Every structure is written in structure tokens, then in C-alpha cells.
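# Coordinates in review
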Amino acid sequence: MDASRAESGESQQLETPVALNSLIQEVAKQQSVDLRSNDLSLELKLDPTLPEILAAIPQLERVIWNLLSNAIKFTPTNGKITVTTVTVDDRVSVKISDTGIGIAKDEMPLLFSEYGRLPGASSTEGSGLGLYIVKNLVKAHGGTVDVESELGKGTTFTLRFPVATRQQPQSKI
Ligand SMILES: Nc1ncnc2c1ncn2[C@@H]1O[C@H](COP(=O)(O)OP(=O)(O)O)[C@@H](O)[C@H]1O
Ligand SMILES: [Mg+2]
């Protein structure tokens, strides 16, 4: 994968119908060692009737990977991470929830910015680029990313993508 192109989402053909549930299971498998070494439990609540979305697979994997690795990094030992997929109208939604440190309201505006890291992240490693990349890639897929959080309680990131339809023109992103 060409990393810089992947980050911008530039010139990627959105032509592959992707089953998000299997992609999520694959990424979860990649992070099983980190989950175990941090004593975190992971629950996947995947809707078996979830329709496919049109996506560039490596980029979509990167989105899920970044959000899951953040959930792992910012959740103390014995916490829980839940990934939920569900269809709402003509959109597919993915929720990644953790029982971690949470994000203060006044720090939210910095969250998706380039190199943005919040004070609570100072004891962990990272560039602060992950969520910036997530935002750009999700946008390139015609999707949205939202966040809800309570300090000290946990955080939920919600992705929403348009369902692939037969009439949908193959867009170039
Ligand atoms: N699940 C989460 N819980 C609490 N804080 C988070 C979470 N995900 C991201 N953050 C905050 O947002 C910042 C930006 O995230 P990201 O761009 O992925 O950077 P990093 O390189 O630190 O992982 C993090 O440094 C952290 O302060
Ligand atoms: Mg990150």
C-alpha cells in the first residue's frame, strides 16, 4: 500500500464491495496480542445481515485498526472494548466503544487535528496522526466519524458509511 496516497484517500477506486464484519474480525485478530497483554476484553456485536459498502480495503482496515489501537492504548487494564455494527436506514454504522480514560469536552476540538494529542496521552506513545488519517479516509469513503466521551468513563467512536447499491456509480476518490 502506498502510505501517502492511503492517508489522503487520493485516487483510490471505491469499487470493491466489502463485508465490514469480516474486515473487523480480521483487524481484531491482528490486535489480539495487544488486547491480551493489556488484560482487555473485546466483544464483537456484529449484525449478520449487514449490507456491504464500497471501499478500498487497506484504507478501511487502517481506519478500524487506528480506532481499535486507540481504544486499547487509552483503556486501563481489565477494561472492555466493544465493536458493534448495525444498519440504520441506508447507512452502515460501526461503533467502537471503550471503558477507558475518556476525553474532556474542551479537548475535543483538537482530537482530529494533525499531530493532535491530548494531555491524557502523555504517558503513551504516538504521533497524533491516527485520528487525522481516520477522518480523511472516512470522508473519502463518503462516510462520517463522530465521537462521544465521558472523562474517566470511556469513549465511543461512531463511523457511518453509505450502503453499496447496484445503482451507485463507481466513484473515484
Ligand atoms: N479511545 C480514546 N480514548 C481516549 N482518548 C483518545 C482515544 N482515542 C484518541 N484519543 C486522544 O486523541 C489523541 C489523538 O489520537 P491519535 O490521532 O490516534 O493519536 P495517537 O498517536 O496518540 O494514537 C490521542 O493522543 C488521545 O489523546
Ligand atoms: Mg492513535
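Check the entry above for the structure.
In this text, all values refer to a predicted model and were calculated from it rather than measured experimentally.

### Some points on the pattern of salt bridges
Per the stated rule, a full pass over the model turns up three salt bridges. Of the charged contacts in the structure, one is a salt bridge between Arg-160 and Asp-146, with a shortest N-O distance of 3.0 Å. One end of the pair, Arg-160, is in strand β7 (residues 154-162); the other, Asp-146, is in strand β6 (residues 144-150), with 14 residues separating them in the sequence. On the accessibility criterion, Arg-160 (30% relative accessible area) is partly exposed.

### Side note on the environment of Thr-49
With respect to the helices and strands, Thr-49 occurs in the loop between β2 (41-45) and β3 (53-55). Remark: the alpha-carbon pair of Thr-49 and Thr-85, spanning 36 residues in sequence, is separated by 9.8 Å. Polar contacts involving the side chain of Thr-49 include one to the side chain of Asp-47, which spans 2.8 Å.

### Structural notes on the site of ligand 1
In the vicinity of ligand 1 lie 20 residues, with Asn-70, Lys-73, Arg-117, Gly-128 and Leu-131 positioned nearest. The separation between an oxygen atom of ligand 1 and a polar side-chain atom of Lys-73 is 2.8 Å. Ser-127 places a polar main-chain atom, nitrogen or oxygen, 2.9 Å from an oxygen atom of ligand 1. Taken by itself ligand 1 offers 530 Å² of open surface, and the protein chains cover 97% of this. When contributions to the shell around ligand 1 are tallied by element, the ones reaching two or more residues are α4 (57-73), α5 (130-140) and β7.

### Points about the packing of helix α2 (residues 20-30) against α4
In the contact formed by α2 and α4, the axes pass within 10 Å of each other and the chain directions differ by 55 degrees. Of the possible angle classes, the one that applies to α2 and α4 is oblique. Considering how the two elements wind past one another, α2 and α4 form a crossing that is right-handed. The segment α2 lies against α4, with Leu-20, Leu-23, Ile-24, Glu-26, Val-27, Ala-28 and Gln-30 engaging Ile-57, Leu-60, Glu-61, Ile-64, Trp-65 and Leu-68. In terms of residue class, the contact of α2 with α4 is built from 10 nonpolar, one polar and two charged.

### Here we look at the environment of Val-145
As for its placement among the helices and strands, Val-145 is situated in strand β6. For Val-145, a relative accessible area of 16% puts it in the buried group. Between the C-alpha atom of Val-145 and that of Phe-112, which follows or precedes it by 33 residues, the distance is 9.9 Å. Sequence-distant contacts of Val-145, that is, excluding residues within four places in its chain, are made with Phe-112, Lys-135, Val-138, Phe-157, Thr-158 and Leu-159.

### Comments concerning the sheet that holds strand β5 (residues 91-98)
Pairing within the open sheet is mixed, and its five strands lie in the order β2-β4-β5-β7-β6. Each edge of the open sheet is held by one strand with a lone partner, namely β2 and β6. For this sheet, the mean inter-axis angle between neighbouring strands, taken without regard to orientation, is 15 degrees. As judged from the five bridges shared by β2 and strand β4 (residues 80-88), these two strands associate in the parallel manner. The residue of β4 that forms the bridge with Leu-42 is Ile-81. Taken strand by strand, α4 contacts β2, β4, β5 and β7, and its axis lies near 25 degrees from that of β5.

Parameters and conventions
- Residues numbered from 1 in each chain as written.
- Chains lettered and ligands numbered in written order.
- Predicted model: local features only at pLDDT ≥ 70, side-chain atom pairs only at ≥ 80, totals over all residues.
- Heavy atoms only, no water.
- Salt bridge = Lys/Arg side-chain N within 4 Å of Asp/Glu carboxyl O.
- Helix = DSSP H or I, 4+ residues; strand = E, 2+ residues; numbered from the N terminus.
- Buried < 20%, exposed > 50% of the residue type's maximum accessible area, 1.4 Å probe, protein only.
- Polar contact = N/O pair within 3.5 Å; in protein donor to acceptor, adjacent residues only side chain to side chain.
- Near = heavy atom within 4 Å.
- Areas by Shrake-Rupley, 256 points an atom, 1.4 Å probe, with all protein chains shown as cover.
- Axes fitted to C-alpha atoms, helices over the stretch in contact; angles between N-to-C directions.
- Parallel < 35°, antiparallel > 145°, perpendicular 65-115°, else oblique.
- Left-handed = near helix turned anticlockwise from the far one by under 90°.
- Contact = heavy atoms within 4.5 Å.
- Nonpolar A, V, L, I, M, F, W, Y, C, P; charged D, E, K, R; others polar.
- Pairing = 2+ DSSP bridges.

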